[in-house]
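# Structural overview
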Amino acid sequence: MTATRRTLTRTDLAPFAQALGHTLNDVTRLRGGSKKGVYRLTFQNRSTAVAYVWSPDEDLWDAGPGDPRDPFSHASGLTLFTAAANRLAAAGVRAPRLLHADPTHTHLPADVAIVEDLPGGTLEDLLDDDKAAVPKAQAQARTEALERTAALLDTLHARTGPRFGKVAVVDNGGSSYGVSCQAVVAERALSDLDELPARDPRAAAAHPQLADTVRTLAARIQPRTEPLTLIHGELGPDHVRVTPDGDLALIDIEGLMYFDAEWEHVFLRLRFGHHYDPLRTEGLDEDRLRLYALAMHLSLVAGPLRLLDVGDFHDPEFMRGIAEHNLQQALSLVERT
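Every value quoted in this text rests on a predicted model; they were computed, and no experiment measured them. (Residues numbered from 1 in each chain as written. Predicted model: local features only at pLDDT ≥ 70, side-chain atom pairs only at ≥ 80, totals over all residues. Heavy atoms only, no water.)

## Concerning the overall build of the chain
Check the secondary structure of the chain and you find ten helices and twelve strands. The C-alpha atoms of the chain give a radius of gyration of 20 Å, which matches the 20 Å a tight globule of 337 residues would have. Its C-alpha atoms give the chain principal-axis dimensions of roughly 60 × 50 × 45 Å. The long-range fraction of contacts in the chain, counting pairs at least 24 apart against all pairs at least 6 apart in sequence, stands at 67%. (Helix = DSSP H or I, 4+ residues; strand = E, 2+ residues; numbered from the N terminus. Rg over C-alpha atoms; globule rule 2.2 N^0.38 Å. Contact = heavy atoms within 4.5 Å.)

Structure, rendered in structure tokens:
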């Protein structure tokens with residue numbers, strides 16, 4: 001990975017506008033997209049689209065190609081995106097509509113997709129708590145958006161698959177590594193944990209207890225016989241677009257998979273914070289929730305520290321803050337187990 005991303009230019013992306021029958025006027029890099037470049041394309045007629053570019057130069061994680069048979073492998077690339085987009089469309093869940101794809105690397109040495117540019121901001125923007133006072137109209141918009149998000153989750157989670165794993169694998173008849181969702185999560189948690197002693201003395205001191213807790217929580221989980229749930233996998237409010245008419249669409253969908261719904265809800269609870277209550281659902285397995293919460297915290301310690309190791313991330317203090325918070329949460333969970 002290069003230390004600094006090279007922003008693609010109008011010359012780089014003009015052929016994709018031409019493929020849509022447009023002349024490209026301007027290119028703007030959009031924030032986010034740690035695994036891919038995200039660019040708004042503005043055409044001569046003032047219409048817009050968004051380009052996704054899955055290039056090693058755009059991937060801040062420097063992870064290289066992932067094995068999709070690992071449910072938690074690096075979720076990046078056109079194949080995963082198109083499989084996820086197709087599955088969401090079949091489920092009745094909106095995502096940016098694919099307008100053009102280039103899997104042949106004809107114009108750039110990377111997978112590229114051109115998708116519709118959804119107007120409006122993200123749910124994260126709407127839930128922003130930094131403002132001292134929220135106008136009544138915004139408070140109402142928040143309430144309605146969270147209600148629609150809950151309905152979207154109901155629609156998404158009502159869809160199931162015969163096996164756990166990434167949609168691109170399962171929907172093509174393939175199988176993932178591992179014997180169960182909880183076994184995969186526990187193995188990943190132990191792997192993340194093994195990275196931490198060299199980075200933090202507190203993690204080194206607590207390593208035996210943390211490892212024992214992961215194994216204890218995993219052993220409590222009873223086998224599940226019902227089908228696996230379709231989940232986004234990293235569904236924070238920043239991954240939900242809100243259009244001006246209040247419609248919702250999921251973005252960063254490459255990690256879409258069939259898995260335990262508890263994994264989704266642990267992430268939702270973490271990312272939505274005190275806004276999570278409208279998204280709660282009945283019937284979740286408390287033992288799975290406990291294991292997955294600890295595994296999530298360990299992942300959010302190891303992942304940010306790993307990211308800081310491989311490149312010049314633009315806001316290292318932010319990443320260190322995520323790692324510190326989640327280490328404290330993991331240690332707290334061990335004390336309560």
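What follows continues from the structure just given.
## A closer look at the sheet that holds strand β11 (residues 248–250)
Spatial ordering of the open sheet is given by β6-β10-β11, a layout of three strands whose pairing is antiparallel. What marks the edges here is a single partner per strand, and that holds for β6 (121–122) and β11. Sheet topology places β6 next to strand β10 (residues 240–242); two bridges connect them, and they run antiparallel. The residue of β10 that forms the bridge with G121 is V242. (Pairing = 2+ DSSP bridges.)

## Description of the packing of aromatic side chains
Here the structure, examined in full by the defined rule, presents nine aromatic pairs. For the ring pair F164 and F259, a centre distance of 6.3 Å and an interplane angle of 90° mean the geometry is edge-to-face. Note that F164 is positioned in the loop between β7 (160–161) and β8 (165–166) and F259 in strand β12 (residues 257–259), a separation of 95 residues in sequence. Each member of the pair, F164 together with F259, is buried. Measuring from centroid to centroid gives 5.6 Å for W263 and Y292, while their planes differ by 70°, and the two rings are edge-to-face. Here W263 is found in helix α8 (residues 261–272), whereas its partner Y292 is found in helix α9 (residues 286–310), with 29 residues between them in sequence. Take W263: its relative accessible area is 4%, and that puts it in the buried class. An aromatic cluster of three or more residues is present, and its members are F72, F164, F259, W263 and Y292. (Phe/Tyr/Trp six-rings, centres within 6.5 Å; stacked < 30°, edge-to-face > 60°. Buried < 20%, exposed > 50% of the residue type's maximum accessible area, 1.4 Å probe, protein only.)

## A short note on the pairing of strand β5 (residues 111–116)
Looking along a regular strand, one sees side chains alternate from face to face of the sheet. Burial runs high along β5: six of the six residues are buried. Pairing geometry for strand β3 (residues 48–54) and β5, over six bridges, is antiparallel. Paired with A49 across the bridge in β5 is E116. Pairing of strand β4 (residues 98–102) with β5, which is carried by four bridges, proceeds in the antiparallel orientation. For A101, the partnering residue across the bridge sits in β5 and is A113.

Taken by themselves, the reported measurements are silent on function.
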